[in-house]
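# Descriptive analysis of the structure
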Amino acid sequence: QVQLVESGGGLVQAGGSLRLSCKATGAIVSINAMGWYCQVPGKQRVLVAGITSGGSTNYADSVKGRFTISRDNAKNTVYLQMNSLKPEDTAVYYCNADLQVYSGSYYYTKNYWGQGTQVTVSS
């Protein structure tokens, strides 16, 4: 079963750090662009950081200089290092990726979302 499994969320004080992980599991041939999104109740899910298959990155203005996205292709994993956390960073964080998989007879690509991991920053 192909899926994205997230971990690393939790409760942290303002100014602290967390590292989120998102691992793609299953019969995966390749991973295209991956990204981290956040969502709070009553608001739309928005992009926090993205990384291409070649390693190029982009960030929301609100997290530039504080968050770093990276990927380890050998482990099929993307990370979000979150430093200098602020209460306004509190949200559920979701991983997203297009994954190319092999069924045993053919290839196909499908978009996947992780299950979400809660990040809470206290003041």
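Presented here is an overview of the structure given in this document. This structure is a prediction, so every number in the text was calculated from the model and none was measured.

### Thoughts on the sheet that holds strand β7 (residues 67–72)
Ordered by their spatial adjacency, four strands build an open sheet running β1-β3-β8-β7, and the pairing between neighbours is antiparallel. Two strands bound the open sheet, and with one partner strand each, they are β1 (3–7) and β7. Adjacent strand axes in the sheet meet at a mean angle of 15 degrees when their direction is disregarded.

### Topic: the layout of surface pockets
The calculated volume of the largest pocket comes to roughly 280 Å³. As for the largest pocket, its lining consists of 19 residues, and the residues nearest its centre are C38, V46, S62, E88 and D89. Considering every element that reaches the lining of the largest pocket, the biggest residue donor is strand β5 (residues 46–51), with three residues. Class assignment of the residues belonging to the lining of the largest pocket gives a composition of ten nonpolar, four polar and five charged.

### Topic: the environment of S21
With respect to the helices, strands and loops of the structure, S21 is situated in strand β3 (residues 18–25). In this structure S21 comes out as buried when scored by relative accessible area, which is 16%. The spacing of S21 and L80 is 59 residues in sequence and 6.6 Å in space, taken between C-alpha atoms. With residues up to four places along the chain from it excluded, the contact list for S21 reads V5, E6, S7, W36, T77, V78 and Y79.

So, how was this worked out
- Residues numbered from 1 in each chain as written.
- Predicted model: local features only at pLDDT ≥ 70, side-chain atom pairs only at ≥ 80, totals over all residues.
- Heavy atoms only, no water.
- Pairing = 2+ DSSP bridges.
- Helix = DSSP H or I, 4+ residues; strand = E, 2+ residues; numbered from the N terminus.
- Axes fitted to C-alpha atoms, helices over the stretch in contact; angles between N-to-C directions.
- 1 Å grid on protein atoms, 1.4 Å probe; cavity = no way out; pocket = protein on both sides within 12 Å on 5 of 7 lines; lining within 4 Å.
- Points joined across faces, edges and corners; volume = space filled by probe spheres on them.
- Nonpolar A, V, L, I, M, F, W, Y, C, P; charged D, E, K, R; others polar.
- Buried < 20%, exposed > 50% of the residue type's maximum accessible area, 1.4 Å probe, protein only.
- Contact = heavy atoms within 4.5 Å.

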